[in-house]
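Structural overview
Listed below, chain by chain, are the residues.
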Amino acid sequence: MLKTLDNYQLRKIKLMKSIAIIGASGYTGAQITSLINADSNLSVQGLYVSENSLDKGRKLADLYPTYSHMAYTLSPLTDEAKQQIVDQADGVVLATEHSVSLELAAWFYKQGLAVFDLSGAYRFADIAQYPKWYGFEHTYPEVLAEAVYGLAEWNAEQIKQTRMIAVAGCYPTASLTALKPLKPFLTEMYPVINAVSGVTGAGRKAQLHTNFCEVSLTPYGVLGHRHQPEIATHLGQEVIFTPHLGNFKRGILATITVQLKPGTTEADIEKAYSVYDSSPIVTVKHNMFPKVDDVVHTPNCHLGWKFDANSGYLVVASAIDNLMKGAASQGLQCIKIHFGV
Ligand SMILES: NC(=O)C1=CN([C@@H]2O[C@H](COP(=O)(O)OP(=O)(O)OC[C@H]3O[C@@H](n4cnc5c(N)ncnc54)[C@H](OP(=O)(O)O)[C@@H]3O)[C@@H](O)[C@H]2O)C=CC1
Ligand SMILES: CC(=O)N[C@@H](CCC(=O)OP(=O)(O)O)C(=O)O
């Protein structure tokens, strides 16, 4: 029977899965490395940075002393390294910028690996969206056609079936987790999402606007952030989305105001959110609101809501850690769902 299985199927039934992490010196890459390292069903094949990276050859723990228990070295992603990944790994995590992920995802996918991309390069099924929101033409429609949106609580069946997983964005994860259960009750009025992110959301590289002395709570990307169409696409409804940069390191709080269909009751909303009753990750509270501090460094999403039956307005707040549920721990959820470990 084994003779009829191809290499990928054989790898899939192997008990321990080996994962390569590309972009491992960045915030999400280092975070997912620590999660994979701690998981008894997974092993780290290797950690990679760009071929000419200033960090190549350095130990991850030298960049992040908090990871002093891990002895991994950052290797340059040369052609030989890519071939080694193909030979040794079952899956590859891309914790790289969108245009880098665009190329690497297609290459590793075509070599037969499972790809878990933390960037936005494969999150829209509609190829026409990429030039506007990401500034590039998507040149791999055949790989894009295989991509599934890695919102773990909602798309588990598809995540099992495909090798190309576009892990959901950070603000979209917070927003969609709150809004998707309410879909049957939404009207034509757009939900209004105001969200604040910690500065790690912008990545590790030096940028003026994330300097300590520059950061002060402010909106950005108003009526033009790429997460607006990501949320709208995966909700199936337009939204108004306003992100803010907050003066804290980690975490996202999205506060969402939405008018529900006439006749909607509190019981309807309770029932809608009961979809998360069996989830160890999503917790829903009525008339109690979440705090960012309660979710940072955890994979959890905390939701809190209040409804005014007279006006039909619901306010729901959603808190996650942008580096965890917004990227690395959701990536880990996708890996574990995909490989069934
Ligand atoms: N930060 C966040 O909260 C979230 C981020 N994301 C997404 O995850 C991805 C990574 O984000 P983040 O960790 O913040 O980014 P960082 O800027 O912190 O890290 C980027 C990493 O990519 C490496 N890199 C750059 N170019 C290449 C290349 N050509 N080949 C291999 N490695 C390369 C960098 O190392 P070097 O340059 O030294 O090679 C670094 O390790 C992005 O697409 C981002 O949009 C998703 C959800 C949340
Ligand atoms: C504070 C900050 O700059 N946040 C980033 C979002 C985080 C991110 O990298 O976006 P993805 O989840 O789509 O990968 C931004 O607004 O672009």
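In every chain, residue numbers begin from 1 and rise along the written sequence. Chains and ligands are labelled by the order in which they are written, letters from A for the one and numbers from 1 for the other. Local features in this predicted model are restricted to residues whose pLDDT is 70 or higher, and side-chain atom pairs enter the listing and the counts only when it is 80 or higher, whereas totals over whole chains, interfaces and linings include all residues. Side-chain measures were taken over the full set of non-hydrogen atoms in the model, leaving aside hydrogen atoms and water.

The name that an unreviewed UniProt entry assigns to the protein is N-acetyl-gamma-glutamyl-phosphate reductase, with the source organism given as Shewanella saliphila. UniProt positions are given in the numbering used here, feature names are shortened, and annotations may be inferred rather than shown by experiment. Under Sequence similarities (unreviewed entry), UniProt gives the following word-for-word description of the protein: "Belongs to the NAGSA dehydrogenase family. Type 1 subfamily." Heading Pathway (unreviewed entry) of the UniProt record for the protein holds this comment: "Amino-acid biosynthesis; L-arginine biosynthesis; N(2)-acetyl-L-ornithine from L-glutamate: step 3/4."

Spatially, seven strands are ordered β3-β2-β1-β4-β5-β7-β6 in an open sheet, and the strand pairing comes out parallel. Each edge of the open sheet carries a strand with a single partner, namely β3 (74-76) and β6 (148-150). Averaged over all adjacent pairs, the angle separating strand axes in this sheet is 30 degrees, with direction ignored. Strand direction decides the pairing type here: strand β5 (residues 114-117) and strand β7 (residues 164-167), joined by three bridges, are parallel. When the bridges of β7 are listed, Asp 117 appears paired with Ala 166. In this scheme, strands are said to pair when DSSP sees at least two bridges between them. The way it works is that DSSP assigns letters per residue, a run of H or I at least four long becomes a helix, a run of E at least two long becomes a strand, and they are numbered from the N terminus. Each axis is a line fitted through C-alpha atoms, taken for helices only over the stretch in contact, and angles between the N-to-C directions span 0 to 180 degrees.

Attention now moves to the UniProt feature "active site" (unreviewed entry) in the protein. The UniProt record annotates "active site" (unreviewed entry) at Cys 170. Within the secondary structure, Cys 170 is located in helix α9 (residues 170-179). Ignoring sequence-local partners within four residues, the contact set of Cys 170 consists of His 227, Ile 252, Ile 320, Asn 322 and Gly 326. Working rule for contacts: check all heavy atoms of both residues, and any pair within 4.5 Å makes them a contact.

What follows is about α9. Within α9, 10 of the 10 residues are buried, leaving the element largely enclosed by the surrounding structure. Throughout this description, buried means an accessible area under 20% of the type-specific maximum (1.4 Å probe, protein chains only), exposed means over 50%, and partly exposed covers the range between. When we look at burial in α9, the residues that qualify are Cys 170, Tyr 171, Pro 172, Thr 173, Ala 174, Ser 175, Leu 176, Thr 177, Ala 178 and Leu 179.

For an α-helix the count is 3.6 residues per turn, leaving residues at separations of three or four pointing the same way. Regarding helix α4 (residues 79-88), the residues found buried are Ala 81, Lys 82, Ile 85 and Val 86. Projected onto a plane normal to the axis of α4, the buried residues spread over an arc of 145 degrees and lie on a single side. For α4, exposure combined with an orientation more than 90 degrees from the buried face picks out Glu 80 and Asp 87. The arc in question is traced by the directions running from the helix axis to the C-beta atoms.

What follows covers the environment of Leu 235. Turning to its location among the elements, Leu 235 is positioned in helix α10 (residues 227-235). The exposure class assigned to Leu 235 is buried, which follows from its relative accessible area of 6%. When the C-alpha positions of Leu 235 and Ser 175 are compared, they lie 9.4 Å apart, and in sequence the two are 60 residues distant.

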